Amino acid sequence: MNNGGYYIMQNYKKIQYNGHNDVILRITPGHFITPHSHVNYYMDLCDTKARMKEARATGEALAEMYLASDVIDTILCLNGMEVVGAYMGDKLTQAGIISLNSHKTMYITQPEYNVNGQMMFRDNNKHMISGKKVLILIDSATTGGTLLTALNSVRFYQGEIVGISAVFSIATQIDSIPIRALFTQRDFPDYASFPQDGCKLCKEGVPIDAICNGFGYSTFEQ
Ligand SMILES: [Zn+2]
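Residues numbered from 1 in each chain as written. Predicted model: local features only at pLDDT ≥ 70, side-chain atom pairs only at ≥ 80, totals over all residues.

## Things to note about the packing of helix H3 (residues 52-64) against helix H4 (residues 82-94)
At a closest axis distance of 7 Å, the pairing of H3 and H4 adopts a crossing angle of 50°. When the interaxial angle is binned, H3 and H4 end up oblique. Handedness of the crossing formed by H3 with H4: right-handed. Side by side, H3 and H4 meet where Ala55, Arg56, Thr58, Gly59, Glu60, Leu62 and Ala63 of the first sit next to Val83, Val84, Gly85, Tyr87, Met88, Lys91 and Leu92 of the second. Partitioned by chemical class, the residues of the contact of H3 with H4 number eight nonpolar, three polar and three charged. (Axes fitted to C-alpha atoms, helices over the stretch in contact; angles between N-to-C directions. Helix = DSSP H or I, 4+ residues; strand = E, 2+ residues; numbered from the N terminus. Parallel < 35°, antiparallel > 145°, perpendicular 65-115°, else oblique. Left-handed = near helix turned anticlockwise from the far one by under 90°. Contact = placed C-beta atoms within 7 Å. Nonpolar A, V, L, I, M, F, W, Y, C, P; charged D, E, K, R; others polar.)

Right, here's the structure in full:
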């Protein structure tokens, strides 16, 4: 049996953030399909999101970039970033960042997606966005498609976006809102993202290793 897919995905390299042992990006070169693009590296952020020590270190490192903020009411977590978001909120609160919510504590929340991929907040959740200062937290931002959906949704519910925080981002801003990321293209300069209908690797006939999204990857080989 060919176990190539598994082997490929285990064969990752680690990049460490600025001397923090537990803030790690695991990357595997190859040819991958993401929800909005084809990319030549897969970034595995599953342990970042779920392993407590890594999630805490990542949340605290992200919080350090916002210690000069005035008010953050809500951290809106995309792609399963809630655990990291909770540690980030905790660090910000300890550092004296205030929230103007009635109980003086931040909301750490996530959106609901409908079948059309629109981001919604039900009537019992929308007070976390409406009239609030919202920091958006995402795992990785490549094409910006998910972030744009989030910006539109937060604005629709009349929230004010105070920043965008990412573990990895290629862009430095979107819709003139700065993106502050722990890892950028500087950390692996040959990273490339292609539109689904114009992928250089597909044109060259490079086989696809896996299809991936915020939950992880799925290979075609058994
Ligand atoms: Zn491709």
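On we go from here.
## Digging into H4
Taking 1.5 Å per residue as the helical rise, H4 with its 13 residues ought to reach 18 Å, and the 18 Å between its terminal C-alpha atoms agrees with that figure. For H4, the set of buried residues is Val83, Val84, Gly85, Tyr87, Met88, Gly89 and Leu92. Residues of H4 that are buried in the fold lie against helix H2 (46-50), H3, strand E4 (74-77), strand E5 (107-109) and strand E8 (133-141). Just past H4, the residue Gly96 takes up positive phi, approximately 95°. (Expected span 1.5 Å × (residues − 1). Buried ≥ 20, exposed ≤ 12 C-beta atoms within 10 Å, placed from the backbone.)

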